Amino acid sequence: AWRQLREVPQPDAEAVKLVSDKLDRATRLVDGVAMQLYFASGAQEEKSNKPEKSLIPVELQRFWRDAEPLLTALANEPHPHTAHLLVQTLYHLLPCAPREIFMLAAQSILCSSEKARFQYESLAVGDVVKLIQRVLADYRDLFRTDGGQESECLTALLRVLDLFVEAGWAEARQLTHRLEEIYR
């Protein structure tokens, strides 16, 4: 609706306001879902110093299975705050299904970067670098070539890093120097 309205040479101000209000409400709703998943997963506990009851690995695995369809849908949402929450949630869930979760995080980062310039958000770079550092440290096998073919995860990793390096983030540039760890 927004694209169609923007294609009209002189859109009616009231129509623009109506569509804008609807889009704002939809964005808040989607972002609210992402926030609820973030808190329900226990991802916020990694940032707090308060010892709270966190999900045990079996519960976290079940949470992943149950929430996967919603997380997958959210990965296609371009709003930077939604992508930020999703990356943090997926970081927390990473042990449940490393390959699938990394690819979902990469999809979210790439979608939000393409449509809403997520790669220029100062909060984004920290979380993206943290996610990549963890995957390189704990799940580097995801990036190894398979039968002479570049792995899907490596392709996604390189695309994400390219975005953040091109955006000028030193943290992302420094991370590119660690890529040889994949082959150790």
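Look above for the structure.
From a predicted model like this one, the values you see are computed outputs, not experimental measurements.

Engineer: Residues and numbers for the nonpolar core, please.
Structural biologist: Within the largest apolar cluster, 54 residues are counted, with the highest numbers of intra-cluster contacts made by Trp64, Leu71, Phe102, Phe143, Leu157 and Phe164. When residues of this core are traced back to their parent elements, those giving at least two are helix H2 (13-41), helix H3 (57-74), helix H4 (80-93), helix H5 (98-116), helix H6 (122-138), helix H7 (152-166) and helix H8 (170-176). Once you skip the residues sitting within four places of it in the chain, Phe143 turns out to touch Phe102, Val135, Leu136, Ser151, Cys153, Leu154, Leu157 and Ile182.

Engineer: A description of the side chain of Ser151 should follow, citing residues and the corresponding values.
Structural biologist: Inspection of the secondary structure assignment puts Ser151 in the loop between H6 and H7. Its relative accessible area of 8% is what places Ser151 among the buried residues. A polar contact of 3.0 Å, which involves the side chain of Ser151, links it to the backbone oxygen of Leu142. Those residues in contact with Ser151 that lie beyond four places of it in its chain are Leu142, Phe143, Arg144 and Thr145.

Engineer: I'd love a proper account of unusual backbone geometry, names of residues and values included.
Structural biologist: Non-glycine residue Arg117 carries a positive phi angle of around 60 degrees. Examined against the element boundaries, Arg117 turns out to sit in the loop between H5 and H6.

Engineer: Could you give an account of the environment of Ile182, naming the residues involved and the relevant values?
Structural biologist: Within the element layout of this structure, Ile182 appears in the segment after H8. In this structure the C-alpha to C-alpha distance between Ile182 and Val135, which are 47 residues apart in sequence, comes to 9.9 Å. Here Ile182 is in contact with Leu136, Arg140, Phe143, Arg144, Leu154 and Leu157, once residues within four sequence places are set aside.

Engineer: For the side chain of Arg134, give the residues involved together with the corresponding values.
Structural biologist: Mapped onto the elements, Arg134 comes out in helix H6. The class of Arg134 is buried, set by a relative accessible area of 17%. A distance of 2.5 Å separates a polar side-chain atom of Arg134 from the backbone oxygen of Tyr91.

Engineer: With reference to specific residues and values, describe H7.
Structural biologist: Taking 1.5 Å as the rise per residue, H7 with 15 residues should run 21 Å; its terminal C-alpha atoms sit 21 Å apart, in good agreement. Along H7, the residues that are buried comprise Cys153, Leu154, Ala156, Leu157, Val160, Leu161 and Phe164. Along the axis of H7, the buried residues cluster in a sector spanning 160 degrees; they form a single face. The inward-facing, buried residues of H7 contact H5, H6 and H8.

Reading the values: rules and limits
- Residues numbered from 1 in each chain as written.
- Predicted model: local features only at pLDDT ≥ 70, side-chain atom pairs only at ≥ 80, totals over all residues.
- Heavy atoms only, no water.
- Core = buried A, V, L, I, M, F, W, Y, C linked by side-chain atoms within 4.5 Å.
- Buried < 20%, exposed > 50% of the residue type's maximum accessible area, 1.4 Å probe, protein only.
- Helix = DSSP H or I, 4+ residues; strand = E, 2+ residues; numbered from the N terminus.
- Contact = heavy atoms within 4.5 Å.
- Polar contact = N/O pair within 3.5 Å; in protein donor to acceptor, adjacent residues only side chain to side chain.
- Expected span 1.5 Å × (residues − 1).
- Arc of directions from axis to C-beta.

All we've got here are geometric facts, nothing functional implied.
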